[in-house]
Amino acid sequence: MWSGGPASQPDTDAGRHRPIRVIVVGGSLGGLSAAVWLRDIGCDVVVFERSSVLLEDRGAGIVLNPATVRYFLTRKVADLRRIAAPIRALQYLGRDGEILSTTTTSWWSSAYNVIYRSLLDCFDRARYLLGEEAIGIEQDEHEARVRFASGRVERGDLVVFADGVNSAGRRLLAPGCTPAYAGYIAWRGTVSEEQLRPETFDLFHAAITYHLLDDGHTLAYPVPSRDGTVEPGRRLMNWLWYRNVDRPALEDLLIGRDGRRFTASVPAGFVADRHIARLHADARAALPPPFAEIITLTAEPFIEVIADVEVSRMVFGRACLLGDAAFRPRPHAAAGTAKAAEDAYQLAMALKAHQGNVPSALRAWEPGQLALGRAVVERARQAGDRLQHGRWQVGELVPFGLYKVSDSMMLEEYLVPSAVS
Ligand SMILES: Cc1cc2nc3c(=O)[nH]c(=O)nc-3n(C[C@H](O)[C@H](O)[C@H](O)COP(=O)(O)OP(=O)(O)OC[C@H]3O[C@@H](n4cnc5c(N)ncnc54)[C@H](O)[C@@H]3O)c2cc1C
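The structure displayed is predicted, hence computed values, not measured ones.

How each quantity is defined
- Residues numbered from 1 in each chain as written.
- Predicted model: local features only at pLDDT ≥ 70, side-chain atom pairs only at ≥ 80, totals over all residues.
- Helix = DSSP H or I, 4+ residues; strand = E, 2+ residues; numbered from the N terminus.
- Rg over C-alpha atoms; globule rule 2.2 N^0.38 Å.
- Buried ≥ 20, exposed ≤ 12 C-beta atoms within 10 Å, placed from the backbone.
- Contact = placed C-beta atoms within 7 Å.
- Expected span 1.5 Å × (residues − 1).
- Bend = angle between axes of the 7 residues up to and from the residue.
- Pairing = 2+ DSSP bridges.
- pLDDT = per-residue confidence, 0-100.
- Near = placed C-beta within 6 Å.
- Nonpolar A, V, L, I, M, F, W, Y, C, P; charged D, E, K, R; others polar.
- Axes fitted to C-alpha atoms, helices over the stretch in contact; angles between N-to-C directions.
- Parallel < 35°, antiparallel > 145°, perpendicular 65-115°, else oblique.
- Left-handed = near helix turned anticlockwise from the far one by under 90°.

A.B. asks: I keep staring at the overall build of the protein and nothing clicks. Help me out?
C.D. replies: Along the protein, the regular secondary structure elements total ten helices and 19 strands. Over its C-alpha trace the protein gives a radius of gyration of 22 Å, about what one expects of a compact globule, namely 22 Å for 421 residues. Across its three principal axes, the protein shows a C-alpha extent of roughly 70 × 50 × 35 Å. Looking at the protein as a whole, 48% of its 421 residues are labelled buried. For the protein, the share of sequence-separated contacts (at least 6 apart) that also reach a separation of at least 24 residues comes to 72%.

A.B. asks: How do you make sense of the environment of Ala-361 when you look at a structure like this?
C.D. replies: Locating Ala-361 in the fold gives a position in helix α10 (residues 358-387). Taking the C-alpha atoms as reference, Ala-361 lies 38 Å from Ala-186; in sequence the two are 175 residues apart. Setting aside residues no more than four positions away along its own chain, Ala-361 makes contact with Ala-350, Leu-351 and His-354.

A.B. asks: Is there a simple way to explain α10 in this structure?
C.D. replies: Every α-helix carries 3.6 residues per turn, so stepping three or four residues along brings you back to the same face. With 30 residues, α10 should cover 44 Å at 1.5 Å per step; its first-to-last C-alpha distance of 42 Å lies within 8% of that length. At Glu-366, α10 shows its maximal bend, which comes to roughly 30°, and the proline Pro-367 appears one to four places after that position.

A.B. asks: Looking at this model, I keep getting lost on the sheet that holds strand β1 (residues 21-25). Mind explaining?
C.D. replies: Strands pair in a sheet through their backbones, by hydrogen bonds, and they do so in one of two ways: parallel or antiparallel. Read from one edge to the other, the open sheet built from six strands follows the order β6-β2-β1-β10-β18-β17, with strand pairing classed as mixed. Each having just a single partner strand, β6 (128-129) and β17 (315-316) make up the two edges of the open sheet. With three bridges connecting them, strand β10 (residues 158-161) and strand β18 (residues 319-321) associate as parallel partners. Within β18, the residue paired with Val-160 across the bridge is Cys-320.

A.B. asks: Help me out: how do you make sense of unusual backbone geometry in this one?
C.D. replies: With glycine set apart, most residues show a phi of negative sign, and most peptide bonds adopt trans. The phi dihedral of Ala-334 falls on the positive side, at around 50°, and the residue is not glycine. Examined against the element boundaries, Ala-334 turns out to sit in the loop between β19 (327-328) and α9 (336-353). Take Ala-334: there are 25 C-beta atoms within 10 Å of it, and that puts it in the buried class. Here Ser-406, not a glycine, exhibits a phi torsion of approximately 85°, which is positive. Examined against the element boundaries, Ser-406 turns out to sit in the segment after α10. Overall, Ser-406 belongs to the partly exposed group, with 13 C-beta atoms counted inside 10 Å.

A.B. asks: What exactly am I supposed to notice about the environment of Ile-99 here?
C.D. replies: Inspection of the secondary structure assignment puts Ile-99 in strand β5 (residues 99-111). The spatial distance from the C-alpha of Ile-99 to the C-alpha of Thr-209 is 9.2 Å, given a sequence separation of 110 residues. Excluding residues that lie within four positions of it along the chain, Ile-99 makes contacts with Gln-91 and Leu-93.

A.B. asks: Sorry, what's going on with the confidence of the model for the protein here?
C.D. replies: Low-confidence regions, as indicated by low pLDDT, have predicted coordinates that should not be scrutinised in detail. Here the protein averages 93 in pLDDT, while 95% of its residues score no lower than 70. Residue range residues 1-11 is modelled with pLDDT below 50. Its contacts to residues more than four positions away, or to other chains, number 24 contacts.

A.B. asks: Can you help me understand the site of the ligand in this one?
C.D. replies: In the vicinity of the ligand, 31 residues are found, and the nearest of them are Gly-26, Ser-28, Gly-30, Gly-164 and Gly-323. Elements that contribute at least two residues to the shell around the ligand include exactly α1 (29-40) and α9. Of the residues belonging to the shell around the ligand, the class tally is 13 nonpolar, ten polar and eight charged.

A.B. asks: Mind showing me how you'd approach the packing of α1 against helix α3 (residues 112-121) here?
C.D. replies: Each pair of packed helices can be summarised by the angle the axes make with each other and by the distance between the axes. Where α1 meets α3, the axes come as close as 10 Å, and the angle between the chain directions of the two elements is 25°. Viewed along their axes, α1 and α3 adopt a mutual orientation that is roughly parallel. Two packed elements cross with a definite hand, and for α1 against α3 that hand is left-handed. Of the residues in α3, those touching α1 at Leu-29, Leu-32, Ser-33 and Val-36 are Ile-115, Tyr-116, Leu-119 and Leu-120. Residues belonging to the contact of α1 with α3 are distributed by class as follows: seven nonpolar, one polar and no charged.

A.B. asks: I keep staring at the pairing of strand β8 (residues 144-148) and nothing clicks. Help me out?
C.D. replies: Each regular strand displays side chains that alternate between the two surfaces of the sheet. Here strand β7 (residues 134-139) pairs with β8 via five bridges, running antiparallel. What sits directly across from Ala-134, in β8, is Phe-148. Taken together, the four bridges between β8 and strand β9 (residues 153-156) define a ladder with antiparallel strand orientation. Across the sheet, residue Ala-144 finds its bridge partner in β9, namely Gly-156. Connecting the antiparallel pair β8 and β9 is a turn made up of four residues, with Gly-151 showing a positive phi of about 100°.

A.B. asks: When you look at the packing of α9 against α10 in this model, what are you seeing that I'm missing?
C.D. replies: Relative to each other, α9 and α10 sit at 160°, their axes nearing to 9 Å. As the angle between them shows, α9 and α10 are arranged roughly antiparallel. Seen from above, α9 lies across α10 with right-handed handedness. Along its contact with α9, which presents Lys-339, Glu-342, Asp-343, Gln-346, Leu-347, Ala-350 and Leu-351, the element α10 presents Ala-361, Ala-364, Trp-365, Gly-368, Gln-369, Leu-372, Gly-373 and Val-376.

Given below as structure tokens:
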């Protein structure tokens, strides 16, 4: 039976005279972050990604954190001002679209595609294998073996499962730990800034803008366009509307246009027309006019089910869970990508500090990442519960951050490659 390995292993790695062979399962932001950092400390890394084509974003933005961009800055591979849009204010709108409060901020938003392609460019494409779905793992004190749906079996000293919210690694190693529905969903989408009325563009283009409802909230902020353009007026306006949805209504929303049943999200192009028509009608009826405008301009919005994922262990012998596979915070902390990148970086630092002894490096790595994951999940859960039930105050600072609220704020000078040594 291919399943999880022993809880602890003897330290058999001392005296190894070859590079550590690392199998990374999942080639998105967490997997690629692990791949580049581990490769740079001398590991022999191969990434196995289930998708048969290179990944494309879900059309949503990512708020940057120093952890998200550490690799690019440390290796001096990108001037982030060219791939990120500044968010200079947090503002709250009232029911008629009037500004109720404004707070100065220094957040930066980017897009999944931009970060993914930039990381991929830093890695060896011959070692990034598409169309490989991990389905089993077996291990002993000497090595781990991962089995793929293709029939391939790969041997490694370390297996990093960075395979996301529905992680196969988590199913195999920590069965019983499943996502817990939070009671609400996010409707999401983007619209080109060029399509906005001038006054709507003026209102939204330099800020992250919130509107609070008794039973939900909505927000919008600019993100780079699909081709990476960050010039104001040519970017995308990214919006989310978090709506409380009971189980029966959720089941209905998850049935796609073609009758297919989705679980964690319904991608753009697959949401049933009647649900989109209802969304547009509700937006016109319940939201400030600028929010109603951007939502009704979005012909193909998508749905993300909000759920908490929280493991009690991240290390299983020679295998570990990282990023969303281990902890998936609700989006309110804007920390999911940063946490995946931080897990990856800290893993490489632990292996380096333990001179390649995999079991002892993993033991040293786990407590800090467990604490970080728990803290971010809890902060995002508390914020979500208040935001969805009318208990958030106009003007309150939103809890963006990895280790603490507001550590995602970055001055422009920080984004220049020479800023980090
Ligand atoms: C295609 C894509 C687009 C995204 N777009 C956005 C966005 O626009 N905005 C945003 O905020 N977040 C987006 N995310 C989510 C975001 O990347 C994560 O929440 C966060 O960065 C943590 O990343 P992760 O690598 O841990 O997990 P994910 O990004 O979820 O990556 C998991 C990867 O593992 C692969 N995988 C799953 N199972 C297996 C298996 N058995 N074998 C091999 N590979 C497997 C998946 O195909 C996926 O590429 C996107 C994720 C993906 C995969």
